[in-house]
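Summary of structural features
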Amino acid sequence: MAVNLYFSYMFALINAVPAELMRDQVHICVDFSQGNLYTNYVIQSLSAFNHAHIIIDAHLTADTDIYISDFHSKKVSQTQVIWQDPPTPVDWSNLADLILDAKRQKLPSLFPNQDTAQKGSGVDEIQQDSEK
């Protein structure tokens, strides 16, 4: 019973911390040529990623990690997601992968003294250890 209470408090605490205070936040700029109504629809839909610490940028900035639009821009150097039609479940899944990639790229700056390189499955490492 005490364990359930502990986890309930921990999840409540985690959910209470605003994304702006998290260090692993991902900045996303949404800009569709169809106007504010469609842009706001996509922004509202991004709320499903509320545990990903997403910050919506009103305009493209140096902090922007992902730019979502209905057209490709040569002026944008950040990762671009182009949705010319309403996004499908596959589009949302691909966006989730990009968000995770953006977070992985930020790991070295969050933990500068740690080795954040991804290791293999562990099988090779175990075999190497047993050979020593």
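Please read these numbers as outputs of a predicted model, since none were measured by experiment.

1. Comments concerning the nonpolar core
One recurring pattern in soluble globular proteins: nonpolar side chains tend to sit buried together. Counting residues in hydrophobic clusters, the biggest one holds 18 residues, and the most contacted among them are Ile28, Phe49, Ile66, Ile68, Trp83, Leu95 and Ile99. At the level of secondary structure, the elements contributing two or more residues to this core comprise β1 (26–31), α2 (36–45), β3 (66–69) and α3 (89–110). By residue number, the principal contributor to this core is α3, which donates four residues.

2. Observations concerning the pattern of salt bridges
Inspection of the entire model under this criterion finds two salt bridges. The residue Asp65 makes a salt bridge to Lys106 at a minimum N-O spacing of 2.9 Å. You can see Asp65 sitting in the loop between β2 (54–57) and β3 and its partner Lys106 sitting in helix α3, a full 41 residues away along the chain. The exposure class assigned to Lys106 is buried, which follows from its relative accessible area of 19%. Close ionic contact of Asp101 with Arg104 constitutes a salt bridge, the shortest N to O distance being 2.8 Å. Taken as a pair, Asp101 and Arg104 lie in helix α3 at a separation of three residues, close to a single helical turn.

Cut-offs used in this document
- Residues numbered from 1 in each chain as written.
- Predicted model: local features only at pLDDT ≥ 70, side-chain atom pairs only at ≥ 80, totals over all residues.
- Heavy atoms only, no water.
- Core = buried A, V, L, I, M, F, W, Y, C linked by side-chain atoms within 4.5 Å.
- Buried < 20%, exposed > 50% of the residue type's maximum accessible area, 1.4 Å probe, protein only.
- Helix = DSSP H or I, 4+ residues; strand = E, 2+ residues; numbered from the N terminus.
- Salt bridge = Lys/Arg side-chain N within 4 Å of Asp/Glu carboxyl O.

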